[in-house]
Amino acid sequence: MSLIIASQLDADFNKGLGQHPIAPVVIDVAEDEPWTAAAEADLLLVRPTPAWRQPRVARPSLWPGRLKWVYSASAGIDFYPEWLLDAPLVTCGRGVASDEIADYVIAAIYAHAKNLEAVTVRSRADWKHAPLGRVSGTTVGIVGLGAIGQAVARRVLALGAQVVALRRSGAQAGISGVELLTDLPALVARADHIVVAVPGTPQTRHLFDALLLAQVKPGAHIINVARGSVLDQDALVRALDRADGPGFATLDVTEPEPLPEGHSLYSHPKVRLTPHISSNYTLVRHRLLEKVRDDISRFVRGETPTDVVDPARGY
């Protein structure tokens, strides 16, 4: 069995796809209308490019055409129009960047707890005692215990901190030492660092709203590596401005991306803002290639590829 693969990824990645033992035919797609490849491809490999949101892409009459399978290079599929899920099979690159994102979270926790820049001395006059924050002995709350949340949990436990977590399915994650909670307000009231790692869906939109932010432990550090839509940004700014509100927020995702010039999150003294780089994508492309090639092998053997997207859940 061979496949015609239409890919939105770069030439080097596509070259690696073409070297799969089944010798697939790899074709380029129209950057402005990638969905038109459905007319000639068996597999469409997509990435979240602006074309998918220009401005609200109507369902093409040809969709899904001859497609057997759509593969999203990103873990989240919220960037794409809903009709993408009308393809016979949709899978995603879940887990490829989990370790990189987890490392980002740990870096953010340490940057906030220790804040070495603030205590760096540059003259004799600066040579004064300054207490540092702690990581060991603190409590880290993880909202969303999927691949990213589990990678964070393993690292946090190794640092001597406690982990409380919330998982939509309620199922155990198989990580000894993680305390599973069923109540989100209870989690945010206990955690010194709150890691947001849930998918962006209509159900999670503004999950962190004004009411929930009012229940966050005073001084707590919120870290969002999920989607900007999960956190009500206006409510966050108001909460950060309260004396009894959260103490700091590290945001790798926003809504929209990028934020408009002059947005308050750019300059707020209690916000660290990074431009959606926690996945460190350019350094983990080889993992995505390995995953896609392995899934192609599964598919041609008649097996189900990994990480099939559930249209009902939206991830």
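Higher on the page you've got the structure.
First, a word on scope: everything that follows refers to the structure included in this document. (Residues numbered from 1 in each chain as written. Predicted model: local features only at pLDDT ≥ 70, side-chain atom pairs only at ≥ 80, totals over all residues. Heavy atoms only, no water.)

## Topic: the sheet that holds strand 12 (residues 271–273)
Step number 1: Taken in spatial order, the seven strands make up an open sheet running 8-7-6-9-10-11-12, and their pairing is parallel. Taken across any chain shown, the strands that pair with only one partner, and hence form the sheet edges, are strand 8 (178–181) and strand 12. If you compare each strand with its neighbour and ignore which way they point, the axes differ by 15 degrees on average.
Step number 2: Two elements, strand 7 (residues 162–166) and strand 8, share four bridges in a ladder whose sense is parallel. What sits directly across from Ala-165, in strand 8, is Leu-180. (Pairing = 2+ DSSP bridges. Helix = DSSP H or I, 4+ residues; strand = E, 2+ residues; numbered from the N terminus. Axes fitted to C-alpha atoms, helices over the stretch in contact; angles between N-to-C directions.)

## With respect to the packing of helix 1 (residues 11–18) against helix 9 (residues 281–300)
For any two helices packed against each other, the geometry comes down to the angle between their axes and how far apart the axes lie.
Step number 1: Where helix 1 contacts helix 9, the axes come no closer than 10 Å and their chain directions differ by 30 degrees. Here helix 1 is positioned roughly parallel relative to helix 9, judged by the angle of their axes. Our pair here, helix 1 against helix 9, has a crossing hand that is right-handed. Residue-level contacts link Phe-13, Gly-16 and Leu-17 of helix 1 to Arg-285, Leu-288, Leu-289, Val-292, Arg-293 and Ile-296 of helix 9. (Parallel < 35°, antiparallel > 145°, perpendicular 65-115°, else oblique. Left-handed = near helix turned anticlockwise from the far one by under 90°. Contact = heavy atoms within 4.5 Å.)

## Points about the packing of aromatic side chains
Step number 1: Applying the stated criterion across every chain yields a total of eight aromatic pairs.
Step number 2: For the ring pair Phe-79 and Tyr-80, a centre distance of 6.3 Å and an interplane angle of 80 degrees mean the geometry is edge-to-face.
Step number 3: Look at Tyr-80 and you get buried, because its relative accessible area is 5%.
Step number 4: Cluster of aromatic residues (ring-pair linked, three or more members): Trp-35, Trp-52, Trp-63, Phe-79, Tyr-80 and Trp-83.
Step number 5: Geometry around Phe-79 places Arg-53 over its ring, the cationic atom sitting 4.4 Å from the centre.
Step number 6: If you follow Arg-313 out to its NZ or CZ, it ends over the ring of Tyr-315, 4.5 Å from the centre. (Phe/Tyr/Trp six-rings, centres within 6.5 Å; stacked < 30°, edge-to-face > 60°. Buried < 20%, exposed > 50% of the residue type's maximum accessible area, 1.4 Å probe, protein only. Lys NZ or Arg CZ within 6 Å of the ring centre and 35° of its normal.)

## A word on a nonpolar patch on the surface
Step number 1: Among the surface-exposed residues, Leu-116, Val-119 and Leu-132 lie close enough to one another that they form a single nonpolar patch of about 250 Å² accessible area.
Step number 2: Relative to the elements of secondary structure, Leu-132 occurs in the loop between helix 3 (116–119) and strand 6 (139–143).
Step number 3: Relative accessible area serves as the criterion here: at 42%, Leu-132 is assigned to the partly exposed category. (Patch = residues over 30% accessible without salt bridge, like charges linked within 9 Å, V, L, I, M, F, W, Y side chains within 5 Å. Areas by Shrake-Rupley, 256 points an atom, 1.4 Å probe, with all protein chains shown as cover. Salt bridge = Lys/Arg side-chain N within 4 Å of Asp/Glu carboxyl O.)

## Here's the deal with the environment of Ser-74
Step number 1: Tracing the chain through its elements places Ser-74 in the loop between strand 4 (69–72) and strand 5 (90–92).
Step number 2: Overall, Ser-74 belongs to the buried group, its relative accessible area being 15%.
Step number 3: Separated by 55 residues in the primary sequence, Ser-74 and Gln-19 place their C-alpha atoms 22 Å from one another.
Step number 4: If we ignore the near neighbours within four places in the chain, the residues touching Ser-74 are Pro-48, Tyr-80, Cys-92 and Gly-93.
Step number 5: Side-chain polar atoms of Ser-74 contact the backbone oxygen of Gly-76, separated by 2.8 Å. (Polar contact = N/O pair within 3.5 Å; in protein donor to acceptor, adjacent residues only side chain to side chain.)

## A few points about the environment of Val-271
Step number 1: Mapped onto the fold, Val-271 is located in strand 12.
Step number 2: Separated by 24 residues in sequence, Val-271 and Gly-247 place their C-alpha atoms 9.2 Å apart.

## A few points about helix 7 (residues 233–240)
Step number 1: For helix 7, the tally of buried residues reaches six of eight residues, placing the bulk of the element in the interior.
Step number 2: Every buried residue belonging to helix 7 is among Gln-233, Ala-235, Leu-236, Val-237, Ala-239 and Leu-240, and all of these are buried.
Step number 3: Structurally, helix 7 contributes buried residues whose contacts are with helix 6 (210–213), strand 10 (221–224), strand 11 (248–251), helix 8 (264–267) and strand 12.
Step number 4: By the N-cap criterion, in which a side-chain oxygen at the helix start approaches the backbone nitrogen of a residue two or three places on, helix 7 is capped by Asp-232, the distance to Asp-234 being 3.2 Å.

## Overview of the sheet that holds strand 4
Step number 1: Taken in spatial order, the five strands line up as 2-1-3-4-5 in an open sheet, and their pairing is parallel. Among the strands making up the open sheet, the edge pair consists of strand 2 (25–28) and strand 5. Averaged over all pairs of adjacent strands, the angle between strand axes in this sheet comes to 20 degrees, irrespective of strand direction.
Step number 2: Where strand 1 (residues 4–7) lies against strand 2, four bridges are found, and the strand directions are parallel. Bridge pairing links Ala-6 to Ile-27 in strand 2.
Step number 3: Its contacts with the sheet put helix 1 on strand 1, strand 2 and strand 3 (43–46), and the angle it makes with strand 2 is roughly 160 degrees.
Step number 4: Sheet contacts for helix 9: strand 1, strand 3, strand 4 and strand 5; angle to strand 4, the most-contacted strand, approximately 160 degrees.

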